[in-house]
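Results of the structural survey
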Amino acid sequence: MRNNVFVLLLMLIFSWLCSVKAAVTYDNRGLIIDGKKRILMSGSIHYPRSTPEMWPDLLKKAKDGGLDIIQSYVFWSGHEPSPGKYYFEDRYDLVRFIKLVQEAGMYLDLRIGPYICGEWNLGGFPSWLKFVPGIEFRIDNEPFKSAVQKFVEMIVNMMKAEKLFQTQGGPIIMSQIENEFEIVEYAITPGAKAYINWAAQMALGLDTGVPWLMCKQEDAPDPIINACNGFYCENFLANKPYKPKLWTENWTGWLTGFGSATLERPVEDMAFSVARFIQMGGSLVNYYMYHGGTNFGRTSGAFVATTYDYDGPIDEYGLIREPKWTHLKDLHRAIKASEAAILSSEPILTLLGQGQEARVFRSKTGACAAFLANYDYNLNIKVNFENEEYDLPPWSISILPDCRTVAFNTAKVLAIAHTRNSINTVTKFSWESFTDESIPVMEDEALTNNGLWEQLNLTRDATDYLWYMTNVNIDPNEGFLKNEQDPLLTIMSAGHAVQVFVNGQQAGVAHGGITFPKFTFNQPVKLKAGINKISLLSSAVGLPNIGASFEKWNLGVLGPVTLTGLNMGPRDLSMQKWSYKVGVKGEDLSIFTEKGSASGQWVEGQSVPQKQPLTWYKTTFDAPAGNDPLALDMRTMGKGMMWINGQSIGHHWPANLAVGDCRGCNYAGPYSNLKCHFNCGNPCQIWYHVPRSWLKPIGNLLVVFEEWGGDANGISLVKRTIGKGGKTA
């Protein structure tokens, strides 16, 4: 009987223990998970910017690199492409991604948004949201709040149904509502404050059981934790003394924009920023990005390149970038070895010299960790600490997990740098071309208007392209050419690029840039007496993703459109009759798919044109042997898009050369956010990622749409490989 009672008691205790929910809480020193306070290392990996086949390897490399957490946005535009129609498959299989994170032995920080920025089209908002009657984004606006609440609730309920929150035994230990709202809050009309308070209360009411974050939001309402984004965050403070000091985005580099230089961040600087943040009371650091990936399809923000490599420790193709990956791994090991002392005491500051200091953590149990810093960015300094001499390179921090032995110095990189080799061509292509992309004229189209229409109101972001067409009638009796010079056509556009055709012939192109999307086409054009047919192909390169009220920004040819240099005087074409055509013919035929390609009329051999605008090219090829990542070398092309077996790789635009302050890399120096610029005068992006999982063993269909005119014979498929030594390519 006594044994039965004992067994029953054990069963009751076990049942009670199983019913107790795990917990994620916090205090001023950090997150507390299942009763244990932690220093946590995190890295951003965005599931739609890679493929499901890549996810396990990426997560393993992140775990091996010393990460505890994976951070990802939730991409509303990918999950709800049309109202109420949801998509959670392939690259958007969020649940599968999170379960793989858990299988890899890591936690997840789920940044639900709804706004993410992320250099993503429309900041992550689906384009249909822009056209909801009466809507205004990120403000106390009922249509907007209604749509936001519906989506956020749907995501949270999905996570609960799959038992993915940590309180349910899953990996999600944090969620984020909104994103970097503070930087636009004061630029938005009254209603912004009410919106952010509403968003906070809405999120808290969903009862996730884990803390909510708001990054870059000093007035984040309790109990939501405000967090820091930036290159440096050591001086950041939570808005209440009982909240932890968290760093949601430590920028590993910077985005690549069409027309902008490449920014790389030295790993010495990254390691210094992390060590200083931890010694100043920080307890969580997230690298943005740990693996950046690729902006497949039409997902990138305005003028953001197809690559989203971000100079992360794992590159766009899933290859480890050295010395960044190993140096940060060593840093994480040293910090973890110091964790017990750091989290159980406040540091004691000791000055070791002019610009040198020690911060020492001593616990009551005897654990001791020290951070020795040299803030002079020119001189190597020897300091005396605890009767020992230590060598401190310029602008560096040494970590001593036992207060005696240097386990790591931020400026001493031991890992060997890797080069990336992309000139190992594995496939040259034999092309066919579709040249029936005829130039439409005003009489061809039924959609007309007296004046110029904004582009997105017609395309609804279903395509990059909108044709504007009008006629210019020149009276032959007026001797119309002033001084017998070609008249000047001036077109003012809200962005992003325009290609001008006069009487069926290309007359020129013009485009804006990532900083100034608006631009003016201003070139002489050849006109004739009688009717002249003007056709303008306006193209978008992503949609805005940042700024106040960016949903109201315009796109396309909005005018004025004028002709000058005519004997009869200047002529304003803006308010005359225009006709419109959405998209281009090849899109209408879906000739980038196997079925659509079979329906088109193609030419081959010597008949394939080169450097001709509005040309579609196709070829077939077999998958190269091996497992090396693959890319298309597009350096001979102008501007357009690419598809493999019907899936869009993204925009190509190697004709857009990088400009900027290309001063090379000058690491030494405090708080210089943009340290290392490269690549000015060269194409912003040459290589375009081709996922292995998109290929069949034989007979893969590659289709390229070239807008401006390029030499398709120069396109090749290359392997991305790594070697030792030299500068990373």
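Residues numbered from 1 in each chain as written. Predicted model: local features only at pLDDT ≥ 70, side-chain atom pairs only at ≥ 80, totals over all residues. Heavy atoms only, no water.

**Thoughts on the overall build of the protein**
Note the threshold: Secondary structure is summarised from DSSP: a helix means a run of H or I of at least four residues, a strand means a run of E of at least two, and numbering begins at the N terminus for each. C-alpha atoms define the radius of gyration in this analysis, and the globule rule sets the expected value at 2.2 Å times the number of residues to the power 0.38. Whether two residues are in contact is decided by their heavy atoms: any pair within 4.5 Å suffices. Note on areas: Shrake-Rupley, 1.4 Å probe, and residue coverage restricted to the protein chains presented here. Note on charges: Lys and Arg go in the positive column, Asp and Glu in the negative column, and His and the chain ends are not counted at all. Where a charge sits is defined by one atom per residue type, namely NZ (Lys), CZ (Arg), CG (Asp) or CD (Glu).
For the protein, the helix and strand inventory stands at 13 helices and 41 strands. Its C-alpha atoms give the protein a radius of gyration of 29 Å, within 12% of the compact-globule value 27 Å for 729 residues. The principal-axis extents of the C-alpha atoms in the protein amount to approximately 110 × 65 × 55 Å. Nonlocal contacts in the protein, meaning residues at least 24 apart in sequence, comprise 73% of its contacts between residues at least 6 apart. For the protein, the exposed surface amounts to about 28500 Å²; the carbon and sulfur share of it is 53%. Mean positive and mean negative side-chain charge positions of the protein (66 and 72 charges, respectively) differ by 4 Å.

**Observations regarding the pattern of salt bridges**
The line we're drawing: The salt bridge definition used is simple: a Lys or Arg side-chain nitrogen within 4 Å of an Asp or Glu carboxyl oxygen. The cut-offs for exposure are 20% and 50% of the maximum accessible area for each residue type, with area from a 1.4 Å probe on protein chains only; residues under the lower value are buried, those over the upper are exposed, and the others partly exposed.
Under the defined criterion, the tally for this structure stands at 33 salt bridges. With a shortest N-O distance of 2.2 Å, K193 and D219 are connected by a salt bridge. Here the residue K193 occupies a position in helix 7 (residues 192-204), and D219 occupies one in the loop between strand 8 (212-215) and strand 9 (225-230), the gap between them amounting to 26 residues. On the basis of relative accessibility, which here comes to 37%, the residue K193 falls in the partly exposed class.

**Brief notes about the side chain of D93**
Its place among the elements puts D93 in the loop between helix 3 (76-79) and helix 4 (94-103). Buried charge without a salt bridge: D93, with R96 as the nearest opposite-charge side chain at an N-O distance of 4.9 Å.

**Details of unusual backbone geometry**
Look at the link from Y288 to M289: it is a cis peptide, with omega at 5°. Put simply, E322 and P323 share a cis peptide bond, and its omega is 10°. For K163, which is not a glycine, the phi torsion comes out positive at approximately 55°. If you trace the backbone, K163 turns up in the loop between helix 5 (142-161) and strand 7 (172-177).

**Details of the confidence of the model for the protein**
Going by this rule: Summary of the metric used: pLDDT quantifies the predictor's per-residue confidence within the range 0 to 100.
For the protein, the average pLDDT comes to 92, and 93% of its residues sit at 70 or higher. Within the model, pLDDT remains below 50 along residues 1-20, and this stretch shows zero contacts once partners closer than five positions in the same chain are excluded.

**Things to note about the nonpolar core**
We apply this condition: Grouping buried Ala, Val, Leu, Ile, Met, Phe, Trp, Tyr and Cys residues that are joined through side-chain atoms within 4.5 Å yields what is termed a nonpolar core.
One finds I70, L110, I155, M159, I278 and L331 to be the most contacted residues of the largest nonpolar core, which totals 129 residues. Apart from the residues lying within four places of it in its own chain, the contact partners of M159 are L94, V95, I98, L110, L164, F165, Q168 and I172. Among the nonpolar cores identified, the runner-up in size contains 30 residues, and F429, F621, W694 and L695 belong to it.

**Some remarks on the pairing of strand 26 (residues 505-511)**
Test applied: Here the rule is simple: two strands pair whenever DSSP picks up at least two bridges between them.
Where strand 25 (residues 497-502) lies against strand 26, six bridges are found, and the strand directions are antiparallel. Each residue of the ladder has a partner; that of V502, found in strand 26, is Q505. Hairpin connection of strand 25 to strand 26: two residues between the antiparallel strands, including N503 at a positive phi of 55°.

**Structural notes on the sheet that holds strand 15 (residues 368-374)**
Rule in force here: The convention used is that axes are lines fitted to C-alpha atoms, helices contributing only their stretch in contact, and that angles between N-to-C directions extend from 0 to 180 degrees.
Pairing is antiparallel across the open sheet formed by five strands, whose spatial order is 13-14-15-18-19. The open sheet has two free edges, formed respectively by strand 13 (348-353) and strand 19 (408-409), since each of these has just one partner strand. Against the sheet, helix 8 (residues 267-279) makes contact with strand 14 (356-362), strand 15, strand 18 (396-400) and strand 19, and its axis sits at roughly 55° relative to strand 18, the strand it touches most.

**Description of the sheet that holds strand 2 (residues 30-33)**
Across the sheet, which stays open at both edges, the three strands sit in the order 1-2-3 with antiparallel pairing between neighbours. In the strand order of this sheet, the two ends are held by strand 1 (24-27) and strand 3 (36-37), each with one partner. Two elements, strand 1 and strand 2, share four bridges in a ladder whose sense is antiparallel. Counterpart to D27 in the pairing with strand 2 is G30.

**A short note on the state of the cysteines**
Selection rule: Only a pair of cysteine sulfur atoms within 2.5 Å counts as a disulfide in this structure description.
Summed over all chains, the structure comprises two disulfides. Bridging C228 to C233, the disulfide has an S-S length of 2.0 Å. In this structure, the disulfide formed by C228 and C233 twists by about -75° around the S-S bond and is classed as left-handed. The two residues C228 and C233 agree in class, both being buried. Each disulfide pairs two cysteine sulfurs, and for C368 the partner residue is C403, the sulfurs being separated by 1.8 Å. Taking the sign of the torsion about the S-S bond as the criterion, the disulfide between C368 and C403, at about -80°, is left-handed. Taken together, the positions of C368 in strand 15 and C403 in the loop between strand 18 and strand 19 put the pair 35 residues apart, joining distant regions of the chain. Taken individually, C368 and C403 each receive the classification buried, so the pair is uniform in this respect. For C117, which is in no disulfide, the shortest distance to another cysteine sulfur is to C215 and amounts to 9.6 Å.

**Examining the packing of aromatic side chains**
In plain terms, the rule: Stacked, tilted and edge-to-face are the three classes applied to pairs of Phe, Tyr and Trp rings, where Trp contributes its six-membered ring and a pair requires centres within 6.5 Å; stacked means planes under 30 degrees apart, edge-to-face means over 60, and tilted covers the rest. Lysine NZ or arginine CZ positioned within 6 Å of the ring centre and within 35 degrees of the ring normal marks a charge as sitting over the ring.
Taken as a whole and judged by the stated rule, the model has 49 aromatic pairs. On the numbers, 6.4 Å between centres and 20° between planes, the contact of F125 with F550 is stacked. Of this pair, F125 sits in the loop between strand 6 (107-113) and helix 5 while F550 sits in the loop between strand 28 (530-539) and strand 29 (557-564); the two residues are 425 residues apart in sequence, bridging distant segments of the chain. Grouping residues by exposure puts F125 and F550 together as buried. Judged by centre distance (5.8 Å) and plane angle (45°), the ring pair of W467 and F501 falls under tilted. Taken together, the residues span a long stretch of sequence, with W467 in strand 23 (residues 465-474) and F501 in strand 25 at a distance of 34 residues. F501 shares its class with W467; the two are buried. The rings of Y47, W55, Y73, F75, F97, W120, F231, W251, W254, Y288, Y308 and Y310 are connected pair by pair, giving a single aromatic cluster. When the ring centre of Y115 is taken as reference, the NZ or CZ atom of R138 above it lies at 3.7 Å. The positively charged end of R460 is found above the aromatic ring belonging to F131, 3.8 Å away from the centroid.

**Notes on the pairing of strand 16 (residues 381-385)**
Residues of strand 16 alternate between two faces, with I381, V383 and F385 buried on one and K382 and N384 left unburied on the opposite face. As judged from the five bridges shared by strand 16 and strand 17 (residues 388-392), these two strands associate in the antiparallel manner. If you follow V383 over to strand 17, its bridge partner there is Y390.

**What to know about the packing of helix 4 against helix 5**
Where we set the bar: For classification, angles of less than 35 degrees are called roughly parallel, those exceeding 145 degrees roughly antiparallel, those between 65 and 115 degrees roughly perpendicular, and all remaining angles oblique. By convention, the crossing between two helices is left-handed when the near helix turns anticlockwise from the far helix through less than a right angle, and right-handed when the turn is clockwise. Each residue is assigned to one of three groups, with Ala, Val, Leu, Ile, Met, Phe, Trp, Tyr, Cys and Pro labelled nonpolar, Asp, Glu, Lys and Arg labelled charged, and all others, Gly among them, labelled polar.
At a minimum axis distance of 11 Å, the contact between helix 4 and helix 5 shows a crossing angle of 50°. Judged on the interaxial angle alone, helix 5 and helix 4 are oblique. Like other packed secondary-structure pairs, helix 4 and helix 5 cross with a definite hand, here right-handed. Between helix 4, through L94, V95 and I98, and helix 5, the contact on the second element is made entirely by I155, M158 and M159. Residue classes in the contact of helix 4 with helix 5 are distributed as six nonpolar, no polar and no charged.

**Thoughts on helix 7**
The condition that has to hold: Take the residue count of a helix, subtract one, and multiply by 1.5 Å to get its expected span.
Across its 13 residues, helix 7 extends 19 Å between first and last C-alpha, which sits within 8% of the 18 Å expected from 1.5 Å per residue. If you check which residues of helix 7 are buried, you get A192, Y195, I196, W198, A199, A200, M202 and A203. Contacts made by the buried residues of helix 7 are with helix 5, strand 7, helix 6 (182-185) and strand 8.

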